[in-house]
Amino acid sequence: MVDPTPTDAPVIELRGAGKTYRSGSIEFEALKGIDLAIHEGEYVAIMGPSGSGKSTIMNVLGCLDTLTRGEYRLGGTDVNDLDEVDLAAIRNRQIGFVFQGFNLLSSLPAWRNVELPLIYGGVPRNERKERAEQALVRVGLGDRFENRPGELSGGQQQRVAVARALVGEPTMILADEPTGNLDSVSTQDVLALFDELHARGRTIVLITHELEVARRAARIVWVRDGEILRDELNEDVAA
Amino acid sequence: MNWLESFRTSWSAVYSHALRSTLTVLGILIGIAAVILTVGLGLGTQKDVSAQISSLGSNLLIVAPGSSTDTSGVRGGFGSSSTLTRADADALASSVNAPDISGVAAEKTTSLSLEANDTNWTTSVTGTTASWLDVRARTLSTGEFISAEDDETSAAVIVLGSETADELFGTQRVVGQSVVISDKPFQVIGVLDTAGSDSSDNLDDLAIVPFSTAASVLVGGTESAAVSTIYLQAASDGQLSAAYQEAETLLLNLHSITDSTAADFSISSQDALVSTATAVYETLTILLTGVAGLSLLVGGIGVMNIMLVSVSERTREIGLRKALGAPPGAIRRQFLIEAAILGLSGGLLGAILGVTAALLLPGVIGSSIVVSPAAVALSIGVAIVIGVSFGVYPATRAARLAPIDALRSE
Ligand SMILES: Nc1ncnc2c1ncn2[C@@H]1O[C@H](COP(=O)(O)OP(=O)(O)OP(=O)(O)O)[C@@H](O)[C@H]1O
Ligand SMILES: [Mg+2]
């Protein structure tokens, strides 16, 4: 277990975390009791083959799904003790999601998609539009405010999703394959953005199966069959 | 997220599914318009009927002959023999015997053929006295009515209803003309104003002659003193029941009947007619409103259906909104407002349609429709309540969805 700042308590802490999916009589153990601690400001990549449980981990970390065993502490609090309203507030203020499928609302123009977290955060209307547009400019979509997702390329949609994750200034970004649909240039752009956020003290958990992408992170966690295989500092970055 | 934000979100959802929303709104709209129209039609008909009945004259009691018991104890049917006579009417007219009765008009009516020039017209000929005009609340358009003197002298004079005059003389001047009934010439002295028709009679197709003339010249025989109806006018609204009592007591005395259940006449009041008719139309209105209400219920189920479709179609959207920080309350509110918007639009548009139809239809169907603002406000309220209450279940379902299940759904 790697712990770059041993004095702090971790923001994210999984202890013996297990997740068993049940569909009818069939059970599938997607997480087999993993331990993982991530400190504030860390940049962690989670790597592993398809079906290894990466998205499952992200859903648990993002308070979208619950563990069937073990515990998850977020900022020192056991999320099991929180109700739906608290969890909604945490997702809104502390976490910025980039989903594996972009999960944009096809009926809304780009800036309205980006604005969504701000609506639930109670940000006033005029400020929302401004911030949504700034976020879009940051991901290089300064000329695409009014386009609906259907009028954007896959990479552009991915960037709208990234803008939506940034806009609320969350302390933690959880990104599931954020570069999966991007060409190498766009990939570099998005990764540069994550670097910048990291530099500004954000905690970033990035899921990928591309080693090249994972290499941007300071720490790489290897997952396989619902277990953590290896958890290592990335020599390139850590050095 | 405040209400205004919820409203914006809901509105854009309604707006972006314009066709679907319109069809849902249509269900509510038709229901509301139907309720407004049926209630309006019911109230309008009630109004028409009571207006018609009131047009008979005010504070009126109607005495009809009937139910005489002969020596063998067999009861005759109502009206089968004339148990009322002119003497009864004269007694009722006495202010000593019946102080609460201010006017009495005995009628003796037969159907007879009237001839003028080459025209023939059969109508009901009524023999009555001078007070008829007041008691029946009628007026003359031209000429004069029969007088007490005409009655005393059995004068051969006649007053015609407006339609009767029209049939016999067309556009000619009527007063001064001669009409032949049963080979006897009568001089037309006046024409009545139009009064429309009540439930049984055409009030404009009739002829009036002095009572004594009808008794002797037109009917004759043993029936000559018989009266077909006596109309009594109470001095005021409040004296109606006193007048009723006096008339009953007096007539029982005159007919030497001790048991009022064996009376050979019947007295009915105009109020009774009004309330009977009103009750009938009220029942009808309630029935029709029930049917219209059912269509409103169907509209409400339509809202629920669409909201459920909307929820399941937008499960991913709900999941996403939750993932981005929407608390369950905000999701519930979004769908409730959406349902309320559908209900309210249906209610408003339905009210507009209903009121417009209520203004236009009477000209076509010839009966009045009363639109009460209270009914309109109520139906709009009902529409919103329907929208919201049928929206509660879908909205709650949406709010309860687990974020991850919602996100994963296709
Ligand atoms: N709702 C579910 N019900 C049953 N099994 C599930 C469910 N969600 C995921 N799984 C299973 O759990 C395992 C881990 O899934 P997960 O989505 O975490 O994989 P992943 O590592 O993200 O894969 P990928 O790289 O393809 O996205 C898979 O074998 C998957 O089939
Ligand atoms: Mg995945």
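Residues numbered from 1 in each chain as written. Chains lettered and ligands numbered in written order. Predicted model: local features only at pLDDT ≥ 70, side-chain atom pairs only at ≥ 80, totals over all residues. Heavy atoms only, no water.

## Here we look at the overall build of chain A
Part 1 of the reasoning: On a plain count of helices and strands, chain A comes out with eight helices and 10 strands.
Part 2 of the reasoning: Within chain A, the fraction of its 239 residues that count as buried is 54%.
Part 3 of the reasoning: Across chain A, every contact between residues at least 6 apart in sequence was considered, and the portion connecting residues at least 24 apart equals 69%.
Part 4 of the reasoning: As displayed, chain A offers around 10,300 Å² of accessible surface, 47% of which is attributable to carbon and sulfur atoms. (Helix = DSSP H or I, 4+ residues; strand = E, 2+ residues; numbered from the N terminus. Buried < 20%, exposed > 50% of the residue type's maximum accessible area, 1.4 Å probe, protein only. Contact = heavy atoms within 4.5 Å. Areas by Shrake-Rupley, 256 points an atom, 1.4 Å probe, with all protein chains shown as cover.)

## As for the confidence of the model for chain B
Residue and element names in this part refer to chain B.
Part 1 of the reasoning: Taken as a whole, chain B shows an average pLDDT of 83; of its residues, 92% reach a score of 70 or greater.
Part 2 of the reasoning: The least confident element of chain B, judged by mean pLDDT, is helix α9 (residues 270-313) at 80; the most confident is strand β5 (residues 157-160) at 93.
Part 3 of the reasoning: Every residue in residues 68-80 scores below 50 in pLDDT, and together they form 21 contacts with partners more than four places removed in sequence or on other chains.
Part 4 of the reasoning: Scoring the predicted complex yields pTM 0.68 and, for the interface, ipTM 0.90. (pLDDT = per-residue confidence, 0-100.)

## Here we look at the pattern of salt bridges
Part 1 of the reasoning: For the coordinates displayed, the defined rule picks out 30 salt bridges over all chains.
Part 2 of the reasoning: Here Glu84(A) ties to Arg91(A) by a salt bridge, and the two come within 3.8 Å at their closest N and O atoms.
Part 3 of the reasoning: A salt bridge links Arg314(B) to Glu317(B); the shortest N-O distance between them is 3.3 Å. Neither Arg314(B) nor Glu317(B) differs from the other in exposure class; each is buried.
Part 4 of the reasoning: Ionic contacts of the salt-bridge type, sharing partners, join the residues Arg112(A), Glu115(A), Arg128(A), Glu5(B) and Arg8(B) into one network. (Salt bridge = Lys/Arg side-chain N within 4 Å of Asp/Glu carboxyl O.)

## Focus on the sheet that holds strand β3 (residues 43-47) of chain A
Sheet strands pair via backbone hydrogen bonds, and the direction of the pair is either parallel or antiparallel.
Residues and elements named next belong to chain A.
Part 1 of the reasoning: The strand order β6-β7-β8-β3-β9-β10 describes an open sheet built from six strands, whose pairing is mixed. Edge positions in the open sheet fall to β6 (95-98) and β10 (227-233), since each of these has one partner strand only. Put simply, the sheet's adjacent strands are angled 15° from each other on average, direction ignored.
Part 2 of the reasoning: As judged from the five bridges shared by strand β7 (residues 172-176) and strand β8 (residues 203-208), these two strands associate in the parallel manner. Residue pairing across strands places Leu174 opposite Val205, the latter belonging to β8. (Pairing = 2+ DSSP bridges. Axes fitted to C-alpha atoms, helices over the stretch in contact; angles between N-to-C directions.)

## Notes on unusual backbone geometry
Excluding glycine, residues mostly carry a negative phi; peptide bonds, for their part, are mostly trans.
Part 1 of the reasoning: You will see that Asn103(A), though not glycine, has its phi angle at about 60°, which is positive.
Part 2 of the reasoning: Tracing the sequence through the fold places Asn103(A) in the loop between β6 and α3 (110-120).
Part 3 of the reasoning: With phi around 45°, Ser182(B) is a residue other than glycine that occupies positive phi space.
Part 4 of the reasoning: Tracing the backbone through its elements, the reader meets Ser182(B) in the loop between β6 (178-181) and β7 (184-192).

## Section: the coordination of the magnesium ion (ligand 2)
All names here are of chain A.
Part 1 of the reasoning: Ligation of the magnesium ion (ligand 2) by protein atoms is provided by Ser55 (OG) and Gln100 (OE1), these donors lying 1.9 to 2.3 Å from the ion. Taken as a pair, Ser55 in helix α1 (residues 54-61) and Gln100 in the loop between β6 and α3 lie far apart in primary sequence, 45 residues in all.
Part 2 of the reasoning: Residue classification places Ser55 among the partly exposed residues on the basis of a relative accessible area of 24%.
Part 3 of the reasoning: Judged by relative accessible area, which is 43%, Gln100 ranks as partly exposed. (Donors = N, O, S within 2.8 Å, 3.2 Å for Na, K, Ca; no water.)

## Looking at the interface of chain A and chain B
Part 1 of the reasoning: On the chain B side, the residues contacting the 20 residues of chain A number 20 residues.
Part 2 of the reasoning: Between chain A and chain B, roughly 2,000 Å² of surface is buried when both sides are summed, and carbon and sulfur atoms account for 61% of that area.
Part 3 of the reasoning: The three residues of chain A that bury the most area against chain B are Leu64(A), Asn103(A) and Tyr120(A), which together make up 32% of that side's buried surface.
Part 4 of the reasoning: Mapped onto the side of chain A that touches chain B, the elements with two or more residues apiece are α2 (84-93), α3 and α4 (125-138) of chain A.
Part 5 of the reasoning: Examining the composition of the side of chain A that touches chain B, we find that five residues originate from one element, α2(A), more than from any other.
Part 6 of the reasoning: Of the residues contributing to the side of chain A that touches chain B, the split by class is 11 nonpolar, three polar and six charged. (Buried area = accessible area lost by both parts, 1.4 Å probe. Nonpolar A, V, L, I, M, F, W, Y, C, P; charged D, E, K, R; others polar.)

## So, α3(A)
Part 1 of the reasoning: Within α3(A), 10 of the 11 residues are buried, which leaves the element mostly enclosed by the surrounding structure.
Part 2 of the reasoning: Among the residues of α3(A), those classed as buried are Ala110(A), Trp111(A), Asn113(A), Val114(A), Glu115(A), Leu116(A), Pro117(A), Leu118(A), Ile119(A) and Tyr120(A).
Part 3 of the reasoning: Where α3(A) is buried, its residues meet α2, α4 and α5 (154-167) of chain A together with α1 (3-16), α10 (315-323) and α11 (328-365) of chain B.
Part 4 of the reasoning: In the segment just after α3(A), Gly122(A) is the residue with positive phi, at about 75°.

## Considerations on the site of ligand 1
Part 1 of the reasoning: Around ligand 1, the surrounding shell holds 13 residues, and the nearest of these are Ser50(A), Gly51(A), Lys54(A), Ser55(A) and Thr56(A).
Part 2 of the reasoning: Neighbouring residues of ligand 1 are distributed over chains A and B.
Part 3 of the reasoning: Contacts to ligand 1 include Gly51(A), whose backbone N or O atom sits 2.8 Å from an oxygen atom.
Part 4 of the reasoning: At 2.6 Å from an oxygen atom of ligand 1 is found a side-chain nitrogen or oxygen belonging to Lys54(A).
Part 5 of the reasoning: Against a free-state accessible area of 630 Å², the protein chains account for coverage of 69% of ligand 1.
Part 6 of the reasoning: Here the shell around ligand 1 takes three residues from α1(A), the largest share from any one element.
Part 7 of the reasoning: Split into classes, the residues belonging to the shell around ligand 1 amount to four nonpolar, seven polar and two charged. (Near = heavy atom within 4 Å. Polar contact = N/O pair within 3.5 Å; in protein donor to acceptor, adjacent residues only side chain to side chain.)

## Quick look at the packing of aromatic side chains
Part 1 of the reasoning: By the definition in use, this model includes three aromatic pairs over all chains.
Part 2 of the reasoning: Considering the side-chain rings of Phe97(A) and Phe99(A), the 5.2 Å spacing of their centres and the 15° angle between planes classify their relative orientation as stacked. Exposure class is identical for Phe97(A) and Phe99(A). Each is buried.
Part 3 of the reasoning: Note on Trp11(B) and Tyr15(B): the rings are 6.1 Å apart at their centroids and 35° apart in plane angle, and the pair reads as tilted. Of this pair, Trp11(B) and Tyr15(B) are both found in helix α1, four residues apart, which corresponds to roughly one turn of the helix.
Part 4 of the reasoning: The positively charged end of Arg230(A) is found above the aromatic ring belonging to Trp222(A), 4.6 Å away from the centroid. (Phe/Tyr/Trp six-rings, centres within 6.5 Å; stacked < 30°, edge-to-face > 60°. Lys NZ or Arg CZ within 6 Å of the ring centre and 35° of its normal.)

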